[in-house]
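Tertiary structure, described
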Amino acid sequence: MIRPNTRNGLLLALAVAMPAAALALAPRQAGSEVPITATEASGAYTVDGVHSNAHFKVQHLGAGMFWGRFDDVKGSMNYTPGPTGTLDFDIQIPIAGVHSGNDNLDKHLLSPDFFNATEFPEMAFKSTKASPAGNGMWKVDGDLTLLGTTKPVSAMVEFTGAADKGRGMRIGFEAAFTIKRSEFGMSYGVESGSLGDKVVVVVGLEGVKAKAGS
Amino acid sequence: MSPAEAVLEGVLLPMAAGLLPLAIGMRLWRRESPRNPSGWGLAVAAAITFAFALWAQEGDKLWELRQKWQWLWVVGGAAAGVAVATSLLRHFAPRLPAAIVGTLLALLCGIATVLMLRPPGFDETADRAVVLLVVAGSAWCLTWPSVRRSDDDDPALPGAGWADGVAFWLAGSGLSGVVLVSGFAKLAIPLGAMAALSMAAGVLAIRGRRDLGFAGLATLSTVLASAAIVGWAYDLVGIPGWSFLALAVAPVAMRTPLPRRFRFRSLLRLAIVLAVVGVASGTAVVESGVFDSGDGDDGSEYDYDYGY
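Before going into details, it helps to say that this report is about the structure given with it. (Residues numbered from 1 in each chain as written. Chains lettered and ligands numbered in written order. Predicted model: local features only at pLDDT ≥ 70, side-chain atom pairs only at ≥ 80, totals over all residues. Heavy atoms only, no water.)

Our next topic: the interface of chain B and chain A. Chain B puts 32 residues into the contact, and the matching count from chain A is 30 residues. Between chain B and chain A we count nine residue pairs in polar contact (both at pLDDT 80 or more) in total. In terms of residues, the side of chain B that touches chain A owes the most to one element, helix H2 (residues 40-58) of chain B, which gives three residues. When the residues that make up the side of chain B that touches chain A are grouped by side-chain class, the tally is 14 nonpolar, nine polar and nine charged. (Contact = heavy atoms within 4.5 Å. Polar contact = N/O pair within 3.5 Å; in protein donor to acceptor, adjacent residues only side chain to side chain. Helix = DSSP H or I, 4+ residues; strand = E, 2+ residues; numbered from the N terminus. Nonpolar A, V, L, I, M, F, W, Y, C, P; charged D, E, K, R; others polar.)

Okay, structure coming up:
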């Protein structure tokens, strides 16, 4: 038989321990009451292909902006927050993942008129330099390889968040940059003015922290 | 750029660039057909027209040869070089048997193509053998009568006349359409320019019953066959390979043996070429599914027009 004072002691212990346990197991996010520490956020991340994608827009017939999208983005990121932090990207985008909303147009985009997916199944970006620009922004320089041609590009990258909601430590970035596609050998429709040369690329990346030793 | 400007820049200007060497090679200012014509003018014209038309689509990046299909203009130039060299050989060594000259020409065209053109998916030895067989085989079949005709001992053999130009126009136009359906406009338009040049050569050959010559035919057949193989290699819409191959060798039907009692042998042979081109092109269009509705179907039956 449990004596009253002992029972009260157990209840008191549970009352203290349960919130602490709940707090420990609870999802945390940047800006929450229990913020992600710099140490926790630092490290190597693998790009989550399901929740990452790249969008591009190009002017069509001198009028509207046409948007397309690439799925299945993959690669890795290294991140150390702070004013003296570091940021590295090594991203690959399978060309076969292009979507425009129209099957026939998708096939045309895969042809040698545009991305030549048969010969160049991937495009890639590898950062060479990154520096914090304040307010969660980074200026990232790197090499973009498209159609077998590698050119330096500069991107403004926004840190969009870090959280651990029970599915691993995750961070997010959104990068935007502009290229001239003709410089990579994709000149179809440029001279005729039917499609713009300038292409705006917006990449949304979500990385899941790589397990130690992986 | 309007469609008319696109045709002018992509097809007519490249064809016009080839007309000068064609006219010089055919010696159009002379009423009679030149003796022992090799057709070097058509060979040079074909190489210039094709390279010009490709450049009109691709710009200066074409010369960098970063993409495998871009080697097509090199193949066309090499075929023209081989063909002109063979015609010179024929001129300076007239006693060399026609069998040796014809076989040498066809083999060199095939070997040049195999060495320079390495489209994706054609890396195995068997694939290379198919390329060699198609290019050299069609070149041999097409040029053989002209090579023999250039032999002084056998001047009565029929040469390659206006109908061969029309045959290449048919096959080139058909292949151009099929390649366009596969989504490769940058190759389809130069093929259209080649087809236009072929037709021009056919029309010009009528004057003085001129022979288009083995050098020109070898170059045209090499470009046609290699472009068909490239179109096949890059196709992603599911066009059957045999459609490309049939279009590549369709002009060979101009060598179909027909009894001499038939009055319109050239027209009959052209009808065979047309049938082959029609079946191959029709099958390609149906199999490609370009008339099927896409994801973004707006209810219209035809949604292949992207507006550029």
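On to the side chain of B:Ser198. Residues and elements named next belong to chain B. Residue placement: serine 198 occurs in helix H7 (residues 185-206). For serine 198, a relative accessible area of 2% gives the class buried. If we skip the residues at most four places from it in the chain, serine 198 touches Gly165, Phe168, Trp169 and Leu220. (Buried < 20%, exposed > 50% of the residue type's maximum accessible area, 1.4 Å probe, protein only.)

All names here are of chain A. Bridge count for strand E2 (residues 43-47) against strand E5 (residues 74-80) is four bridges, and the pairing is antiparallel. The partner of threonine 46 across the bridge, within E5, is serine 76. Here E2 pairs with strand E12 (residues 195-209) via three bridges, running antiparallel. Paired with valine 47 across the strands is glycine 207, a residue of E12. (Pairing = 2+ DSSP bridges.)

Before going further, it helps to examine the nonpolar core. Across soluble globular proteins, nonpolar side chains show a tendency to be buried alongside one another. Counting residues in each nonpolar core, the largest one holds 85 residues, and the members touching the most others are B:Leu175, B:Val179, B:Leu187, B:Leu212, B:Val230 and B:Val273. For this core, the leading source of residues is helix H8 (residues 214-234) of chain B, giving 14 residues. With residues near it in sequence (within four places) discarded, B:Val273 still touches B:Ala167, B:Leu170, B:Ala250, B:Pro251, B:Ala253 and B:Met254. Formed by 50 residues, the second largest nonpolar core is a distinct cluster that contains A:Ala54, A:Ile91, A:Ala117 and A:Val199. (Core = buried A, V, L, I, M, F, W, Y, C linked by side-chain atoms within 4.5 Å.)

If a residue is not glycine, its phi is most likely negative; likewise, a peptide bond is most likely trans. Residue and element names in this part refer to chain A. For leucine 61, which is not glycine, the phi dihedral falls at a positive 55 degrees. In this model, leucine 147 sits at a positive phi of 55 degrees, which is unusual for a non-glycine residue. Examined against the element boundaries, leucine 147 turns out to sit in the loop between strand E9 (137-146) and strand E10 (149-164). Among the residues examined, leucine 147 registers a relative accessible area of 2% and is labelled buried.

Residue and element names in this part refer to chain B. For the pair helix H1 (residues 3-26) and H7, interaxial distance at closest approach is 9 Å and the crossing angle is 35 degrees. Helix-helix and strand crossings are classified by hand; for H1 and H7 the assignment is right-handed. When H1 is examined against H7, the residues Gly10, Val11, Pro14, Met15, Gly18, Leu19, Leu22 and Met26 are found in contact with a partner set consisting of Ile189, Gly192, Ala193, Ala196, Leu197, Ala200, Ala201, Leu204 and Ala205. Within the contact of H1 with H7, the residues separate by chemical class into 14 nonpolar, three polar and no charged. (Axes fitted to C-alpha atoms, helices over the stretch in contact; angles between N-to-C directions. Left-handed = near helix turned anticlockwise from the far one by under 90°.)

What follows is about the pairing of E12(A). Residue and element names in this part refer to chain A. Pairing geometry for strand E3 (residues 53-60) and E12, over seven bridges, is antiparallel. Bridge pairing links valine 58 to valine 199 in E12. Relative to E12, strand E11 (residues 169-180) runs antiparallel, the two being bridged by eleven bridges. Looking across to E12, one finds that glycine 172 is bridged to glutamate 206.

Bringing the pattern of salt bridges into the picture now. Counted according to the given criterion, the structure contains ten salt bridges over all chains. The shortest N-O distance in the salt bridge between A:Lys126 and A:Asp90 comes to 3.7 Å. In this pair, A:Lys126 sits in strand E8 (residues 122-134) while A:Asp90 sits in strand E6 (residues 86-94), placing the two residues 36 residues apart along the sequence. The partly exposed category is assigned to A:Asp90, whose relative accessible area is 25%. The salt bridge partner of B:Asp164 is B:Arg255, with a shortest N-O separation of 2.8 Å. A residue pair is termed long-range when its members are at least 10 positions apart, and B:Asp164 in helix H6 (residues 162-181) and B:Arg255 in the loop between helix H9 (241-249) and helix H10 (265-288) qualify at 91 residues. With a relative accessible area of 4%, B:Asp164 lands in the buried category. (Salt bridge = Lys/Arg side-chain N within 4 Å of Asp/Glu carboxyl O.)

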